[in-house]
Amino acid sequence: MQVAPPSPFLRRLPPGVWVVLAWCGGMAFTFLLRLQLPGEWYPAARPAAQFFRWDGQVDMAVATALALAGGALLRRRPLWALVLLLAASALGTMPLGVAEIPLPQFLAAEVAVFFIAAGRPRATGVIAVLLALAVLGGYLAVRLICGWPITTSSETAVALTTVIAWLLGNSVRESREHAEELRVRAATQAVTDERLRIARELHDMVAHSIGVIALQAGAARRVIDTQPERARDALGEIETAGRQTLSGLRRMLGGLRGPEQGRTAPPVPLEPAHMEPGHPKPGHRESGHPELGHREPGLGLADLDRLAATITQAGVRVDVRRSGEPRPLPPEIDVSAYRIVQEAVTNVVRHAGTTSCRVSIGYRDDEVRIEVLDDGRGGDAEGGYGLIGMRERVGVLHGTFAAGPRPGGGFRVEARLPVPTGVR
């Protein structure tokens, strides 16, 4: 059985309208109880002598006016509105000739208690329910002082429904606060994750390029007098790496300032108008560095040979070995695997003090295994943002990561990235 959603009209009704409707419903029910309805031999409740007299009708009219005023005031001054509704309940009970405030006369006050507990701070809700219970108890106390009979059991039932109304409203308020807390926590976590992702991309981009530039600059300085051609080639590699890094940074900053791009003029290219043959042109997307939130075509493990050639030309020979059957990988796994190898090789160039390293890529049925080995000086497995970034990349993909000095000297980086079942 499918339940129809509530009408938009009903969802838009303010709390004060619900309070007034509750009062009108309670009054209608009170009159119906004191009339002989079709099929009844006698009314369900015996009307008091003043119920149909002018003084009783005046009391009912004044009580209704107080209830209407309370409903109108509920949104702005909830406790004062509740005072008016409680006064209306007590005044509307007098013409009935009963020994307690009946539930129909107190229904509007209970609705108000619910909305106050649901929409106001906890302290305001507690004051509201205590005030309502105090009026119920005070009404009985006045009757006892005057020597009139009371109906404790009926008034206890009314008090119980009042407490239930407060509990329901308090539960609604707590649920709303919890949902808001979860929303704020999720938004904060999303911002933190995005900052970490940007930090990883910037680190991978800049650290790798600066490492290559430093090696090429050192090589050019050593051979500039004896082998000017090699020095010229090294300077060309420096220029290319610098332009690619600037291009990647510009794209990443453009992604971060995306909403402002339409209101500002396009950035002026940093490259000069005249380019030497063989150098990338401005805007040419040859870099292996992705834009923010965008994956460039070809960036992945298929580019390892090109990466190895660049590092080898800079002075550290990279030996790439593959095992298993290479196959297409999901973009996030392919990019992360490439970045892990890139960062590990960059660390070899910058810190290992060696002339070679080995990169092993193992394709298995359920995972891709990456291993980078060198025989250099080793290092601290806990230090550096590069290792932190690699560990975070692997963690996001639910893989395993290990890095540390090798027993025989050198350093080892290993990552295992699980491949989804549908990708084989």
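Model, not experiment: these values are computed from the prediction.

Caption draft 1: Up close: the side chain of Thr162. Position of Thr162 relative to the elements: it lies in helix H7 (residues 152-223). Setting aside residues no more than four positions away along its own chain, Thr162 makes contact with Phe106, Glu110, Val113, Val129, Ala132, Leu133 and Leu136.

Caption draft 2: Spatial organisation of the environment of Leu131. The residue Leu131 is located in helix H6 (residues 122-145) in this model. Leu131 gets classed as partly exposed once you look at its relative accessible area, which sits at 29%. Once residues within four sequence positions are removed from consideration, Leu131 is found in contact with Leu82, Val83 and Leu86.

Caption draft 3: Main features of helix H3 (residues 54-73). With 20 residues, H3 extends 29 Å between its outermost C-alpha atoms, agreeing within 8% with the 28 Å of an ideal straight helix rising 1.5 Å per residue. Listed as buried for H3 are Gly56, Met60, Ala63, Ala67, Gly70 and Gly71. Seen end-on, H3 carries its buried residues on one side only, within an arc spanning 95 degrees. Summarising the geometry of H3, the exposed residues directed more than 90 degrees from the buried face are Trp54 and Ala72. Check the buried side of H3 and you find it contacts helix H2 (15-33) and helix H4 (78-93).

Caption draft 4: Highlighting the pattern of salt bridges. Under the criterion given, the structure shown has 14 salt bridges. Between Arg321 and Asp319 there is a salt bridge whose closest N-O contact spans 2.9 Å. Given a relative accessible area of 24%, Asp319 falls into the partly exposed group. Through salt bridges that share partners, Arg364, Glu367, Arg369, Glu371, Arg412, Glu414 and Arg416 make up one connected network.

Caption draft 5: Up close: the packing of H2 against H3. As a packed pair, H2 and H3 sit with axes 8 Å apart at the nearest point and diverge in direction by 160 degrees. Between H2 and H3, the angle is such that the two are roughly antiparallel. Along its contact with H2, which presents Gly16, Val19, Val20, Trp23, Met27 and Phe31, the element H3 presents Gln57, Met60, Ala63, Thr64, Ala67, Leu68 and Gly71. Across the contact of H2 with H3, the residue classes tally to nine nonpolar, four polar and no charged.

Caption draft 6: How the structure looks around the packing of H2 against helix H5 (residues 103-119). Relative orientation of the contacting elements H2 and H5 amounts to 165 degrees, with a least axis distance of 7 Å. Accordingly, the angle class assigned to the pair H2 and H5 is roughly antiparallel. Of the two elements, H2 crosses H5, and the hand of that crossing is right-handed. Across the interface between the two elements, Pro15, Trp18, Val19, Ala22, Trp23, Gly26, Met27, Phe29 and Thr30 from H2 touch Pro104, Gln105, Leu107, Ala108, Val111, Ala112 and Phe115 from H5. Here the contact of H2 with H5 is built from residues that sort into 13 nonpolar, three polar and no charged.

Caption draft 7: Quick peek at the pairing of strand S2 (residues 356-363). Burial of S2 is extensive: seven of the eight residues sit out of reach of the surface. In this structure, strand S1 (residues 317-323) lies alongside S2, joined through seven bridges in parallel fashion. Paired with Asp319 across the bridge in S2 is Arg358. For the segment spanning S1, helix H11 (residues 331-352) and S2, crossover handedness is left-handed. Bridge analysis of S2 against strand S3 (residues 367-374) gives seven bridges, and the strand direction is antiparallel. From the neighbouring strand, Gly362 faces S3, where its bridge partner is Arg369. Hairpin connection between S2 and S3: a loop of three residues separates the two successive antiparallel strands.

Rules behind the numbers
- Residues numbered from 1 in each chain as written.
- Predicted model: local features only at pLDDT ≥ 70, side-chain atom pairs only at ≥ 80, totals over all residues.
- Heavy atoms only, no water.
- Helix = DSSP H or I, 4+ residues; strand = E, 2+ residues; numbered from the N terminus.
- Contact = heavy atoms within 4.5 Å.
- Buried < 20%, exposed > 50% of the residue type's maximum accessible area, 1.4 Å probe, protein only.
- Expected span 1.5 Å × (residues − 1).
- Arc of directions from axis to C-beta.
- Salt bridge = Lys/Arg side-chain N within 4 Å of Asp/Glu carboxyl O.
- Axes fitted to C-alpha atoms, helices over the stretch in contact; angles between N-to-C directions.
- Parallel < 35°, antiparallel > 145°, perpendicular 65-115°, else oblique.
- Nonpolar A, V, L, I, M, F, W, Y, C, P; charged D, E, K, R; others polar.
- Left-handed = near helix turned anticlockwise from the far one by under 90°.
- Pairing = 2+ DSSP bridges.
- Right-handed = clockwise from strand over helix to strand, strands pointing away.

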